[in-house]
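Here is how the chains run, residue by residue.
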Amino acid sequence: MPGTNANASARPGGPIAVARTRPRGQRAGLPSLDRQLRWLSAYAFVTYPFACVPFLFLYFRQHGLDQHGYGLVIAAYYVAMFAAELPTGVLADRFGPKVMLALGPLLLAAGFGTLLAAPGFAGFVAGEILLGLGHAVLSGPPATMLYETLRAHGLQHRFLAEEARVNRNRLLGTGLSFLLGGALARLGGERGDAYDLAIFATCAGNLAATAIALQLAPGPGRPALDPRGFLAQAARDLSLPPVRWLLGYWIVLFALLRFPFHDYQPYLLAAAAQEPAFGDPLLVGLLFALLNLAAAPLSGRVPQLVRRCGRPALFWAMPLVLAASLGVMGAERAAADAGHGSRALAWLGVAMFFVQQVPFGMHTALVQEFVNHRIGSAARTTVMSALSLAARLVYAGLNVLLFAAQDRWGLARTLGWAGVAGALLTVAAMALRPAGTLRRARRAGP
């Protein structure tokens, strides 16, 4: 099979004559690397065209949900992802990632369409379940397609740089869609709350992603394992001490990344009492766009940051920066609750959104590189899905608890508690890592 010969040429001692008779980065029987990378970059730009995301809390609130109900609806999304992570990872590993890259956006479009067609608690839960399924489908295949394409051409050493570039495009595309959603919400109705138009635009963007996915080559050949051998390979990879350690670290980092993201809209709604501009949909859309645009350059500079700072420093910094920013946001809300709030302090709290983009822009490439260089290709997507599964299951429960706490005790206390707990868990996770874990590992062969 084509992938077998290409893999052999990438290993020490494998045939190299083919590589010498073709353009750099090209192997016999494989599609053009440049063409595949261009389509993957284009796909990244429209993978998450979430024009409506800055306004979903407001849309839910418009249709009767309080913060506790919002927490339950979001938990349904994470539970759906938990249930679908391993099955979708197995399907991607058995049949290749291209079909998943086309299916994922279709499920996202169906989920957002359900939110629009059935605006009530039951419809919101159903829509979030579909969104969870769509995200589960997409949680591993884009990075797997990129890594396997590079590996087949003997260029897997370029993964960190290429993944950083792809993630930068993903952030840029999502950021611009946020700006579009703000404009549609503000200008699409007399009251400036046409959130349904932003949801419709999101569905259109999802369909564009599927159209682009269909242009991708299927990807290089993959090792054909029987089900028993396949599961044994996945179990071996998951038993590696560095991968087990990453599981605990990833759960902490994931929770610290996701809670503030889901809390941006409630925070802005509360801060609007001090700064009325935070209630303007156009400004909110612009703000969310700027958040992604701020994260995009950081994603592209991950390889330089690794060379300058080293992986251990970056793995320490990502969760600690998030924990500290939550503490600042909690302190700002506490000052407002005590009657000492101001526009300047409200802007300081919102500035923490941008601080949180530093680890957000960096974490994808770093975590994907960590996994890809330590596991075999046969079960790569399944292992990534297993890591994601655990993090999302834990966060589903945390999300309900955090928003219930927020409904009962307020933003200030909940944000403060989350920041302190996140810092303590980070110290514990980093202290328990096996020696040498954050040195880059190179895996020979497939």
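How each quantity is defined
- Residues numbered from 1 in each chain as written.
- Predicted model: local features only at pLDDT ≥ 70, side-chain atom pairs only at ≥ 80, totals over all residues.
- Heavy atoms only, no water.
- Core = buried A, V, L, I, M, F, W, Y, C linked by side-chain atoms within 4.5 Å.
- Buried < 20%, exposed > 50% of the residue type's maximum accessible area, 1.4 Å probe, protein only.
- Helix = DSSP H or I, 4+ residues; strand = E, 2+ residues; numbered from the N terminus.
- Contact = heavy atoms within 4.5 Å.
- pLDDT = per-residue confidence, 0-100.
- Polar contact = N/O pair within 3.5 Å; in protein donor to acceptor, adjacent residues only side chain to side chain.
- Salt bridge = Lys/Arg side-chain N within 4 Å of Asp/Glu carboxyl O.
- Patch = residues over 30% accessible without salt bridge, like charges linked within 9 Å, V, L, I, M, F, W, Y side chains within 5 Å.
- Areas by Shrake-Rupley, 256 points an atom, 1.4 Å probe, with all protein chains shown as cover.
- Phe/Tyr/Trp six-rings, centres within 6.5 Å; stacked < 30°, edge-to-face > 60°.
- Lys NZ or Arg CZ within 6 Å of the ring centre and 35° of its normal.
- Expected span 1.5 Å × (residues − 1).
- Axes fitted to C-alpha atoms, helices over the stretch in contact; angles between N-to-C directions.
- Parallel < 35°, antiparallel > 145°, perpendicular 65-115°, else oblique.
- Left-handed = near helix turned anticlockwise from the far one by under 90°.
- Nonpolar A, V, L, I, M, F, W, Y, C, P; charged D, E, K, R; others polar.

Peer 1: So, the nonpolar core: which residues are in play, and what are the values?
Peer 2: Phe60, Phe112, Leu246, Phe315 and Phe353 are the most contacted members of the largest nonpolar core, which has 105 residues in total. If you tally residues by element for this core, the top one is helix α12 (residues 241–271), at 16 residues. If near-sequence neighbours (up to four positions away) are discounted, leucine 246 is found in contact with Phe315, Val367, Phe370, Val371 and Leu387.

Peer 1: Before we move on, could you go through the confidence of the model for the protein and cite the residues and values that matter?
Peer 2: With 84% of its residues at a pLDDT of at least 70, the protein reaches an overall mean of 83. In this model residues 1–29 is a low-confidence stretch, pLDDT under 50, and it forms 31 contacts with partners more than four residues away in sequence or in other chains. Segment residues 441–446: pLDDT under 50, and 16 contacts once partners within four positions in sequence are set aside and those in other chains are kept.

Peer 1: Could you give an account of the side chain of glutamate 162, naming the residues involved and the relevant values?
Peer 2: Tracing the chain through its elements places glutamate 162 in helix α9 (residues 159–187). Residue classification places glutamate 162 among the buried positions, given a relative accessible area of 9%. For glutamate 162, the side chain forms a polar contact with the side chain of arginine 165, separated by 2.5 Å. Excluding residues within four positions of it along the chain, glutamate 162 makes contact with Leu37, Leu146 and Leu150.

Peer 1: I'd like a description of the pattern of salt bridges, backed by residues and values.
Peer 2: As enumerated under the stated definition, the model contains 6 salt bridges in all. Between arginine 158 and glutamate 162 there is a salt bridge, with the nearest N and O atoms lying 2.7 Å from each other. Using a relative accessible area of 28% as the deciding quantity, one classes arginine 158 as partly exposed. Residues participating in the shared-partner salt-bridge network are Arg158, Glu162 and Arg165.

Peer 1: Any details on a nonpolar patch on the surface? Residues and values, ideally.
Peer 2: Where nonpolar side chains cluster on the molecular surface, the patch consists of Phe45, Leu176, Leu179, Leu286, Leu290 and Leu293 and spans about 450 Å² of accessible area. Every element with two or more residues in the nonpolar patch is listed here: α9 and α13 (281–300). In terms of residue count, the dominant contributor to the nonpolar patch is α13 (3 residues). Using a relative accessible area of 43% as the deciding quantity, one classes leucine 176 as partly exposed.

Peer 1: I'd like to hear about the packing of aromatic side chains, residue by residue, with values.
Peer 2: Here the structure, examined in full by the defined rule, presents 25 aromatic pairs. Here phenylalanine 60 and phenylalanine 124 contribute two aromatic rings whose centre-to-centre distance is 4.5 Å and whose plane-to-plane angle is 50°, an arrangement assigned as tilted. Taken together, the residues phenylalanine 60 in helix α4 (residues 56–62) and phenylalanine 124 in helix α7 (residues 121–138) connect sequence positions 64 residues apart. Exposure remark for phenylalanine 60: the relative accessible area of 1% places this residue in the buried category. Accessibility expressed as a relative area gives 0% for phenylalanine 124, which makes it buried. A centroid spacing of 5.2 Å and a plane angle of 40° characterise the contact between tyrosine 249 and phenylalanine 315, whose relative ring orientation is tilted. With tyrosine 249 in helix α12 and phenylalanine 315 in helix α15 (residues 311–337), the pair connects residues that are 66 residues apart, well separated along the chain. Here the aromatic residues Phe57, Tyr59, Phe60, Tyr70, Phe124, Phe259 and Phe403 are joined through ring pairs into a cluster of three or more. The ring of tyrosine 267 is capped by arginine 333, whose NZ or CZ atom sits 5.6 Å from the centre of that ring.

Peer 1: With reference to specific residues and values, describe helix α6 (residues 98–117).
Peer 2: With 20 residues, α6 should cover 28 Å at 1.5 Å per step; its first-to-last C-alpha distance of 29 Å lies within 8% of that length. Buried within α6 we find Met100, Leu101, Ala102, Gly104, Pro105, Leu107, Leu108, Ala109, Gly111, Phe112, Thr114 and Leu115.

Peer 1: Could you give an account of the packing of α6 against helix α8 (residues 141–152), naming the residues involved and the relevant values?
Peer 2: Two elements in contact, α6 and α8, have axes separated by 9 Å at closest approach and are oriented at 150°. For the element pair α6 / α8, the angle class is roughly antiparallel. At the point where α6 passes α8, the crossing takes the left-handed sense. Touching Lys98, Met100 and Leu101 of α6 are Pro141, Pro142 and Met145, all from α8. Here the contact of α6 with α8 is built from residues that sort into 5 nonpolar, no polar and 1 charged.

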